[in-house]
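Take a look at the letters that make up each chain.
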Amino acid sequence: MKIIIRKDYQQLSQWTADYIAERINNFKPTKEKPFVLGLPTGSSPLGTYKALIKLNKERAVNFENVITFNMDEYVGLDKDHEQSYHYFMWENFFNHIDIPAENVNILNGMASDLDKECADYEAKMKELGGIELFLGGIGPDGHIAFNEPGSSLASRTRIKTLNFNTIKANARFFDNDIHLVPRMALTVGVGTVMDSREVVVIINGFHKARALRQVVEEGVNHMWTVSMLQMHRHAVIVCDDEATMELKAETVKYFKEIEQIIDNEFPDLD
């Protein structure tokens, strides 16, 4: 696991956007061999999306041969609902870049057969050769997508009943009325994310410091589902200084020194 530590959210977001753009450019995607990118919603990736939009407008990266799969969607919300993840993604990212609409894949929470919707989603990823890079964020309890504490670490795309903490936290998007928050969602599984060739997870802010400590310094645990990244062959966590506040000082020092060595800037040996 690689840990990238940046001073603040803005620097974290820029590093992540630059990294994704570099990965796409180095892949040299074509229509016959597209770059398949997994994407999250929520507040964590917003800075990265803004930076990617800027890079796209500057022609530093293009999305014409990129195919995306989003992590999750609420059950029972139409794609035009302002709190649906369809709406979120088009409003905050897809409408501002050169990605063809047919290349965007988001789970349909209004599907008549939700189990088939999930199975078809998994099948389509496999048909395209799998996810090249899955970008993610986490909740303060260390969950990724809607794989809340207690979710199977081998889980696949499925229907998930949301726990009370998630419903309560998301009520702020529904006029602070928990009764308006959907009780279920469709989500990729932990196993789905682990199948991708690379995973990049954004962890920012002091309120996620405990989760970062659990993920980096503790063992793999289904109560902190993102801890499964410890078992991934190519996982990157990008965090800011605030998120490292509960890590041991030597842990932070270790990962910062590795970055310095990669950049050919040896730490002070005095």
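A brief structural summary. (Residues numbered from 1 in each chain as written. Predicted model: local features only at pLDDT ≥ 70, side-chain atom pairs only at ≥ 80, totals over all residues. Heavy atoms only, no water.)

### Some remarks on the pattern of salt bridges
Two side chains bearing opposite charge may form a pair once their charged atoms approach each other closely. Counting across every chain of the model gives 13 salt bridges. Where Arg6 meets Glu259, a salt bridge forms, and the shortest distance between an N and an O atom there is 2.8 Å. Residue Arg6 is found in strand 1 (residues 2-6), and its partner Glu259 is found in helix 8 (residues 249-262); the two are separated by 253 residues along the sequence. This pair shows no difference in class: Arg6 is buried, exactly as Glu259 is. Each of the salt bridges in this network shares a partner with another, and the network as a whole consists of Arg23, Glu132, Arg197 and Glu198. (Salt bridge = Lys/Arg side-chain N within 4 Å of Asp/Glu carboxyl O. Helix = DSSP H or I, 4+ residues; strand = E, 2+ residues; numbered from the N terminus. Buried < 20%, exposed > 50% of the residue type's maximum accessible area, 1.4 Å probe, protein only.)

### So, the sheet that holds strand 4 (residues 72-74)
Pairing is antiparallel in the open sheet, where 3 strands are placed in the order 4-8-7. Because the sheet does not close on itself, it has two edges, and the strands there are strand 4 and strand 7 (158-161). Each strand of the sheet is rotated relative to its neighbour by a mean of 30°, with strand direction disregarded. Sheet topology places strand 7 next to strand 8 (residues 184-187); 4 bridges connect them, and they run antiparallel. Bridge pairing in strand 8 links Arg158 to Thr187. Sitting on the sheet, helix 4 (residues 114-127) is in contact with strand 7 and strand 8, with an inclination near 125° to strand 7. (Pairing = 2+ DSSP bridges. Axes fitted to C-alpha atoms, helices over the stretch in contact; angles between N-to-C directions. Contact = heavy atoms within 4.5 Å.)

### So, the side chain of Asn204
Residue position: Asn204 is located in the loop between strand 9 (199-203) and helix 7 (209-217). Not counting the four nearest positions on each side in its chain, Asn204 is found in contact with Tyr9, Leu12, Ser44, Asp240 and Ala243.

### Some remarks on the packing of helix 1 (residues 9-27) against helix 2 (residues 46-57)
Contact geometry for helix 1 and helix 2: axes closest at 8 Å, N-to-C directions at 50°. The pairing of helix 1 with helix 2 is recorded here as oblique in orientation. The handedness of the crossing between helix 1 and helix 2 comes out as right-handed. Together, Tyr9, Ser13, Gln14, Thr16, Ala17, Asp18, Ile20 and Ala21 of helix 1 and Leu46, Gly47, Thr48, Ala51, Leu52 and Leu55 of helix 2 make up the contact between the two elements. (Parallel < 35°, antiparallel > 145°, perpendicular 65-115°, else oblique. Left-handed = near helix turned anticlockwise from the far one by under 90°.)

### A short note on the environment of Val236
By secondary structure assignment, the location of Val236 is in strand 10 (residues 235-240). For Val236, a relative accessible area of 1% translates into the label buried. The sequence separation of Val236 and Met1 amounts to 235 residues, and the corresponding C-alpha distance is 5.9 Å.

### Focus: the packing of aromatic side chains
Two aromatic rings, taken as a pair, are described by how far apart their centres are and by the angle between their planes. Under the counting rule described, the total for this entry stands at 12 aromatic pairs. A ring pair is formed by Phe93 and Phe94, whose centres lie 5.6 Å apart and whose planes are at 40°; its orientation type is tilted. Given the relative accessible area of 1%, Phe94 is considered buried. Feature note: the residues Tyr49, Phe63, Trp90, Phe93 and Phe94 constitute an aromatic cluster, connected by ring pairs. The ring of Phe27 has Lys33 lying over it, and the distance from NZ or CZ to the ring centre is 5.1 Å. (Phe/Tyr/Trp six-rings, centres within 6.5 Å; stacked < 30°, edge-to-face > 60°. Lys NZ or Arg CZ within 6 Å of the ring centre and 35° of its normal.)

### A closer look at the pairing of strand 9
Counting buried residues along strand 9, 5 of its 5 residues qualify, which places the element largely inside the surrounding structure. In strand 9, alternate side chains face the same way, and those of Val199, Val201 and Ile203 on one face and Val200 and Ile202 on the other are all buried. As paired elements, strand 6 (residues 133-137) and strand 9 share 4 bridges and run parallel to each other. When the sheet's bridge partners are listed, Gly137 is paired in strand 9 with Ile202. Across 5 bridges, the pairing between strand 9 and strand 10 is parallel. When the sheet's bridge partners are listed, Ile203 is paired in strand 10 with Cys239. In this fold, the crossover linking strand 9 to strand 10 by way of helix 7 has right-handed handedness. (Right-handed = clockwise from strand over helix to strand, strands pointing away.)

### So, the packing of helix 2 against helix 3 (residues 85-92)
Where helix 2 meets helix 3, the axes come as close as 10 Å, and the angle between the chain directions of the two elements is 40°. In this view, helix 2 runs oblique relative to helix 3, as classed from their interaxial angle. Across the interface between the two elements, Leu46, Tyr49 and Ile53 from helix 2 touch Phe88, Met89 and Asn92 from helix 3. Of the residues belonging to the contact of helix 2 with helix 3, the class tally is 5 nonpolar, 1 polar and no charged. (Nonpolar A, V, L, I, M, F, W, Y, C, P; charged D, E, K, R; others polar.)

### Considerations on the pairing of strand 2 (residues 35-39)
In terms of residue burial, strand 2 counts as a mostly covered element, since 5 of its 5 residues are buried. Burial along strand 2 is two-sided: the residues Phe35, Leu37 and Leu39 and Val36 and Gly38 are all buried. In terms of strand pairing, strand 2 meets strand 3 (residues 66-70) through 5 bridges, oriented parallel. Bridge pairing in strand 3 places Phe35 opposite Val66. For the crossover from strand 2 across helix 2 to strand 3, the handedness is right-handed. Bridge count for strand 2 against strand 6 is 2 bridges, and the pairing is parallel. Directly across from Leu37, in strand 6, lies its bridge partner Leu133.

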